[in-house]
Structure formats: structure tokens, C-alpha cells
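Chain by chain, the residues:
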Amino acid sequence: MTITPVTIGDDAINTHVGPGSPMLLVAGPCVIESETLCLTIAEKVKALAARLGLGYVFKASFDKANRTSIAGFRGLGMDKGLAILAKVRRELSIPVVTDIHLPDQVPAVSDVVDIVQVPAFLARQTDLLIAAAQSGKCVQVKKAQFMAPWDMKNVVDKLSAAGADRIILVERGSSFGYNRLIADMTAIPAMQELGYPVLMDATHATQLPGGQGNASGGSAEHAKILARAAIAAGADGLFIETHPDPK
């Protein structure tokens, strides 16, 4: 298969993923809780990635619009969240990525981040994909839990038709009955056949969606197993939710 290497960021701050590049690590807190927390996590993971020779992109969401419960903490909002992401990028000289949920969020988000990420639940939303592609940024899309790996071809086609040429796909598990996900490692080479790098979301793939009634559960102890298996299967990198107090 031929995988197109992807450059993330600009001339001043960048990293790479795909053939010829070291493994990429995309890591950070699920949601932006505070500026201090984001800077602390980013600084520690940047140092770890440098020691291991990995590419690194800091990830945090300014809004988690798909929380199970109306009472679930969603974040600090777009204005405060983007200001914190901009500070992480500026002070630590690392690329950053965040989620979008609506097409009209793209202009403000793309002014700050290096990767625009489309969440798994929204992977088929044509208007959102087109808006992300037209940002001119690298676009990262998580495979929807309800989609087969090869069905991501339609996602890639939508992005390409709208002008995107820097695309990263992410495996994050597939629905397997109520409140269950299963991670099929053959999804990684199947999506790489589409021509772009593929990451493994080793933490979300352990999730039990809605499994606690008003929140999602999960089996964090399995994340290391899935991460190792994904690299063995040829993944171009890992996506890992990272927090000093994971629970």
C-alpha cells in the first residue's frame, strides 16, 4: 500500500506522521479544565516524547458536545479553550489539535490549531467534513463506532473533494452490542489502504459508551494492550487521553 506522509503544522512548529517518520503521539486531557492543567500535561508529555524520539501533538477539547448526561462537564467553551490551546502551542512550540462539532466553528478553530479533528459520532456529517477540509489545515477524523473501516473511503473522498490533502484517520473501536466496543486491529491496515496515516485511539477504544447510566465507563487497564497491539499491526501512531488523575 502507498501511504501519503502528512506534515502537521507550519514552518515554525511542525511534526510529521506516516512513512519515514517516527511514531506520532497525540495526547492530552479529554477536555480543557484549566490553563495550568493543559500546560502541565503538555510539558510532561513533550519531554517524554522527546526522550523516546516520538512526534508529539497536544490534544484537548474546548467542548465535549457528546457527553452522555446533560450534567456532564463539557469544558470552558470555545473562546477560553482556544486561548489556552494557543498558549500551549506558543509557549511549548508543539502542534495542537481540538474537536469541532459545527461547521461555523471551523474559522476560529483553524486560526489556532494545527489539526482540525472531526469526532467519531460526526464522521459522516458532510457539511462538517467539507468545512474542515476547506480550513486548509490537516484534518483528523475518528472512524465512527458504527462504520466499517473500508467505509471511511467515503469520508476520505468527501475531504479530498473539498480540497484536503493532509488527512489522518483514527481507529477507536466498533460497536459490539449495547454499551460495548471491540477493537479490531485489522481495521488499521484496512484504513491505511485508503492512502493516509492511521492512529489508534487506545483509550477511547476501551470505553463502555453510556455504561454507567449517566456517564461512559471503561476498562483503562486494557489501554496498554490495545496500544501495543496497534503498533504491532502497523499503526502510524497513538492517540491517548492523558491526565494526572485518569478517573
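Before reading on, note that the structure itself is shown above.
Bear in mind the structure is a predicted one, so any value in this text is a computation, not a measurement. (Residues numbered from 1 in each chain as written. Predicted model: local features only at pLDDT ≥ 70, side-chain atom pairs only at ≥ 80, totals over all residues. Heavy atoms only, no water.)

> Summarise the overall build of the protein chain; cite the residues concerned and give the values.
If you tally the helices and strands in the protein chain, you get seven helices and 14 strands. Compactness check: the protein chain gives a C-alpha radius of gyration of 16 Å against a globular reference of 18 Å for 247 residues, within 12% of the reference. Its C-alpha atoms give the protein chain principal-axis dimensions of about 40 × 40 × 40 Å. A buried classification covers 49% of the 247 residues belonging to the protein chain. Considering only contacts in the protein chain between residues 6 or more positions apart, those separated by 24 or more positions represent 67%. As displayed, the protein chain offers around 11,300 Å² of accessible surface, 53% of which is attributable to carbon and sulfur atoms. (Helix = DSSP H or I, 4+ residues; strand = E, 2+ residues; numbered from the N terminus. Rg over C-alpha atoms; globule rule 2.2 N^0.38 Å. Buried < 20%, exposed > 50% of the residue type's maximum accessible area, 1.4 Å probe, protein only. Contact = heavy atoms within 4.5 Å. Areas by Shrake-Rupley, 256 points an atom, 1.4 Å probe, with all protein chains shown as cover.)

> Talk me through the packing of helix α4 (residues 126-133) against helix α5 (residues 152-161); I want residue IDs and the actual numbers.
Where α4 meets α5, the axes come as close as 8 Å, and the angle between the chain directions of the two elements is 50°. Between α4 and α5, the interaxial angle falls into the category oblique. Both α4 and α5 take part in a crossing whose hand is right-handed. In this structure, α4 contributes Thr-126, Leu-129 and Ala-133 to the contact, and α5 contributes Val-155, Lys-158 and Leu-159. Each residue belonging to the contact of α4 with α5 can be placed in one class, and the counts come to four nonpolar, one polar and one charged. (Axes fitted to C-alpha atoms, helices over the stretch in contact; angles between N-to-C directions. Parallel < 35°, antiparallel > 145°, perpendicular 65-115°, else oblique. Left-handed = near helix turned anticlockwise from the far one by under 90°. Nonpolar A, V, L, I, M, F, W, Y, C, P; charged D, E, K, R; others polar.)

> Outline the packing of aromatic side chains, listing residues and values.
Inspection of every chain in the model, using the stated rule, returns zero aromatic pairs. We note Lys-142 situated over the ring of Phe-239; from NZ or CZ to the ring centre the distance is 3.9 Å. (Phe/Tyr/Trp six-rings, centres within 6.5 Å; stacked < 30°, edge-to-face > 60°. Lys NZ or Arg CZ within 6 Å of the ring centre and 35° of its normal.)

> Would you mind going over the layout of surface pockets in detail, with residue names and values included?
Estimated volume of the second largest pocket: approximately 180 Å³. Taken together, Ala-202, Thr-203, Ala-220, Ala-223, Lys-224, Ala-227, Arg-228, Ile-231, Leu-238 and Ile-240 form the lining of the second largest pocket. Secondary-structure elements contributing two or more residues to the lining of the second largest pocket are α7 (223-232) and β14 (237-241). Broken down by element, the residue count for the lining of the second largest pocket peaks at five residues, all from α7. (1 Å grid on protein atoms, 1.4 Å probe; cavity = no way out; pocket = protein on both sides within 12 Å on 5 of 7 lines; lining within 4 Å. Points joined across faces, edges and corners; volume = space filled by probe spheres on them.)

> So what about the pairing of strand β4 (residues 55-59)? Which residues, and what values?
A large share of β4 lies buried, amounting to five of its five residues. Along β4, one buried face is formed by Gly-55, Val-57 and Lys-59 and the opposite face, lined by Tyr-56 and Phe-58, is buried too. Where strand β3 (residues 24-28) meets β4, four bridges bridge the pair, whose relative direction is parallel. What sits directly across from Ala-27, in β4, is Phe-58. (Pairing = 2+ DSSP bridges.)

> Can you break down helix α2 (residues 78-92) residue by residue, with the values?
In a regular helix each residue adds 1.5 Å, so 15 residues correspond to 21 Å; α2 covers 21 Å between its end C-alpha atoms and thus fits that length. All buried positions along α2 are accounted for by Gly-81, Leu-82, Ile-84, Leu-85, Val-88, Arg-89 and Leu-92. Buried residues of α2, seen end-on, are gathered within an arc of 160° and therefore sit on one face of the element. Exposed residues lying more than 90 degrees from the buried face of α2 are Asp-79, Lys-80 and Arg-90. (Expected span 1.5 Å × (residues − 1). Arc of directions from axis to C-beta.)

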